[in-house]
Amino acid sequence: MSNELRIPDAETRAKNLASLRSAIHQLDIVNLMLDEVIALADRDLLQQRRARLLSKSNYMSTEQIES
């Protein structure tokens, strides 16, 4: 068994390069989709936090007024 590296011909290199570029493009698309999902989750969490804080502040203000 030989451990010599063999350099592929120009056509093989071109096909491999095109394949790698396509894979990178697909990964970029998936990455953007994941960024969108994260942004939507962040937005929902912020809305929940805002609602929770507003309900607590309203609860405290009405409690103070009643006593």
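Refer to the preceding data block for the structure.
Calculation notes
Residues numbered from 1 in each chain as written. Predicted model: local features only at pLDDT ≥ 70, side-chain atom pairs only at ≥ 80, totals over all residues. Heavy atoms only, no water. Helix = DSSP H or I, 4+ residues; strand = E, 2+ residues; numbered from the N terminus. Buried < 20%, exposed > 50% of the residue type's maximum accessible area, 1.4 Å probe, protein only. Areas by Shrake-Rupley, 256 points an atom, 1.4 Å probe, with all protein chains shown as cover. Salt bridge = Lys/Arg side-chain N within 4 Å of Asp/Glu carboxyl O. Polar contact = N/O pair within 3.5 Å; in protein donor to acceptor, adjacent residues only side chain to side chain.

Caption draft 1: Molecular detail of the overall build of the chain. Within the chain, the regular secondary structure consists of 1 helix and 0 strands. The proportion of buried residues among the 67 residues of the chain is 0%. Surface exposure of the chain reaches about 6,800 Å², of which carbon and sulfur atoms provide 60%.

Caption draft 2: Highlighting the pattern of salt bridges. On inspection of all chains with the given rule, the structure shows 2 salt bridges. Across the pair Glu11 and Lys15 runs a salt bridge, and its minimum N-O distance is 3.4 Å. A residue pair is termed a helical-turn pair when its members lie 3 or 4 positions apart in one helix, as Glu11 and Lys15 do in helix H1 (residues 10-66) at 4 residues. Taken as a pair, Glu11 and Lys15 share a single burial class, namely exposed.

Caption draft 3: Representation of the environment of Ser57. Relative to the elements of secondary structure, Ser57 occurs in helix H1. Here Leu54 takes part through its backbone oxygen, which lies 2.9 Å from a polar atom of the side chain of Ser57.

Caption draft 4: Just the environment of Asp9, in detail. On the secondary structure map, Asp9 appears in the segment before H1. Assessed through its relative accessible area of 46%, Asp9 is described here as partly exposed. At a separation of 2.4 Å, a polar atom in the side chain of Asp9 contacts the side chain of Thr12.

These results come straight from atomic positions and should not be treated as a statement about function.
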